[in-house]
Amino acid sequence: MTRKSQADLIHEMTDRQVTVQLIISQLIFILLAVFGSLILFDSFWSDWGRLFQFSLHQWFWYGCIPGLIVLLIDIILVYSLPKKYYDDGGINEKVFRNQSIGSIFGITLLIAVCEEVLFRGVLHTEFGYFAASLLFAIMHIRYLKKIVLLVSVLFVSFFIGYVYEITGNLMVTITSHFIIDFFLALWIRFGKWGGADGRRITATNPSRGLE
């Protein structure tokens, strides 16, 4: 019996099933973050409070600007390269192609919060920049055979990790992460994410990997 590829399994699932699986995985991340911080943090509430700081200067220069820079790089790549280099197997298309803008906002915000809280808030804080950034990249192991997606997620992982290394502020990394994912999801939803020849495609066949 031939083992099915991830793309085949994703193709057999409904959009709702893939979305539910994504949400469950994010909730697991947040539970791991809470559990890990209870064990590793000296003081649960005060340590978390220290990691969430609102500074308009940091939020704009270290949150918004880096997120927009990464987004611009992704847009340039996706319109310059054939689709085969950045096709993630249809996962993100399944999740976002039929969602409302409000649902896209909620899903991508959930992803940004849960992943940053775990990988930056707990793992980076306790085990350092390199370990957390590498683990974040390893989480996207499905990109292993997609060199453009793999390089992209490695860059984003270490880039956002470096921003956290500088600021120690989860507000800025969540903002960057959210900006990248939200606008890429909108590109998928409205069918603007490049086709097989690197140009625009119709709304019936958008596909691109989110970080």
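Everything below is about the structure printed above this text.
Now for a look at the structure at hand. Small disclaimer: the values here were computed from a predicted structure and weren't measured.

**Points about helix α7 (residues 129-139)**
At step 1: The complete set of buried residues in α7 reads A132, S133, F136 and A137. Here the buried residues of α7 occupy an arc of 135° about the axis, which is enough to place them on one side.
At step 2: Of the surrounding secondary structure, the elements contacted by the buried residues of α7 are α6 (101-127), α8 (147-167) and α9 (170-189).

**Quick notes on the nonpolar core**
At step 1: W48 and F96 are the most contacted members of the largest nonpolar core, which totals 33 residues.
At step 2: Contributions of two or more residues to this core are made by α2 (15-40), α3 (44-51), α5 (91-96), α6, α7, α8 and α9.
At step 3: At ten residues, the largest contribution of residues to this core is made by α6.

**As for the packing of α2 against α6**
At step 1: In contact at an axis separation of 9 Å, α2 and α6 are set at 30° when each is read in the N-to-C sense. If you check the angle between α2 and α6, you find them roughly parallel. Viewed along their axes, α2 and α6 form a crossing whose handedness is left-handed. Packed against α2, whose contacting residues are T19, L22, I23, Q26, F29, I30, L32, A33, G36, S37 and L40, the element α6 presents I107, L110, I111, C114, E115, V117, L118, F119, V122, E126 and F127 at the interface.
At step 2: By residue class, the composition of the contact of α2 with α6 is 16 nonpolar, four polar and two charged.

**Quick notes on α9**
At step 1: Taking 1.5 Å of rise per residue, the 20 residues of α9 would be expected to cover 28 Å, and the 28 Å separating its terminal C-alpha atoms lies within 8% of that figure.
At step 2: Counted residue by residue, α9 has 16 buried out of 20 residues, so it is predominantly covered.
At step 3: One side-chain oxygen of the residue at the start of α9 lies 3.0 Å from the amide nitrogen of M171, identifying that residue as N169.

**Remarks on the environment of I166**
At step 1: Secondary-structure assignment places I166 in helix α8.
At step 2: As for I166 and Y62, which are separated by 104 residues in sequence, their C-alpha atoms are 9.0 Å apart.

**Some words on the packing of aromatic side chains**
At step 1: One pass over the structure, following the stated rule, counts 14 aromatic pairs.
At step 2: Taking the centre distance of 5.2 Å and the plane angle of 55° together, the rings of F41 and W48 count as tilted. Each member of the pair, F41 as well as W48, is classed as buried.
At step 3: Feature note: the residues F105, F178, F182 and F183 constitute an aromatic cluster, connected by ring pairs.
At step 4: Above the face of the F136 ring, R120 is positioned so that its terminal group lies 4.9 Å from the ring centre.

About the criteria used
Here the residue index of a chain counts from 1 through its sequence in written order. Local features in a predicted model are, by the rule used here, given only for residues with pLDDT of at least 70; side-chain atom pairs are given and counted only at 80 or more, and totals for whole chains, interfaces and linings are based on all residues. Here the side-chain values reflect all heavy atoms present in the structure, with hydrogen atoms and water set aside. Burial classes: relative accessible area under 20% of the type maximum marks a residue as buried, over 50% as exposed, and values in between as partly exposed (1.4 Å probe, protein chains only). Helix and strand assignments follow DSSP, with helices taken as H or I runs no shorter than four residues and strands as E runs no shorter than two, numbered in order from the N terminus. Working definition: the arc comes from the directions between the helix axis and the C-beta atoms, pointing outward to the latter. Only heavy atoms enter the contact rule, under which two residues are in contact if any of them lie within 4.5 Å. Nonpolar core, defined: a set of buried Ala, Val, Leu, Ile, Met, Phe, Trp, Tyr and Cys residues in which side-chain atoms within 4.5 Å join the residues together. In this analysis an axis means a line fitted to C-alpha atoms, helices contributing only their contacting stretch, and an angle means the value between N-to-C directions, from 0 to 180 degrees. Any angle between 65 and 115 degrees counts as roughly perpendicular, while under 35 counts as roughly parallel, over 145 as roughly antiparallel, and the rest as oblique. Each crossing gets its handedness from the near helix: less than a right angle anticlockwise from the far helix is left-handed, clockwise is right-handed. Residues are grouped as follows: nonpolar covers Ala, Val, Leu, Ile, Met, Phe, Trp, Tyr, Cys and Pro; charged covers Asp, Glu, Lys and Arg; every other residue, Gly included, is treated as polar. Working rule for helices: expected span equals 1.5 Å times residues minus one. Any pair of N or O atoms that falls within 3.5 Å is considered a polar contact. Within protein, one atom must be able to donate a hydrogen and the other to accept it, and sequence-neighbouring residues count only if both atoms are side-chain atoms. Pairing of aromatic side chains here covers Phe, Tyr and the six-membered ring of Trp, requires ring centres within 6.5 Å, and sorts the geometry by plane angle: under 30 degrees stacked, over 60 edge-to-face, intermediate tilted. For a Lys NZ or an Arg CZ to count as sitting over a ring, it must be within 6 Å of the ring centre and within 35 degrees of the ring normal.

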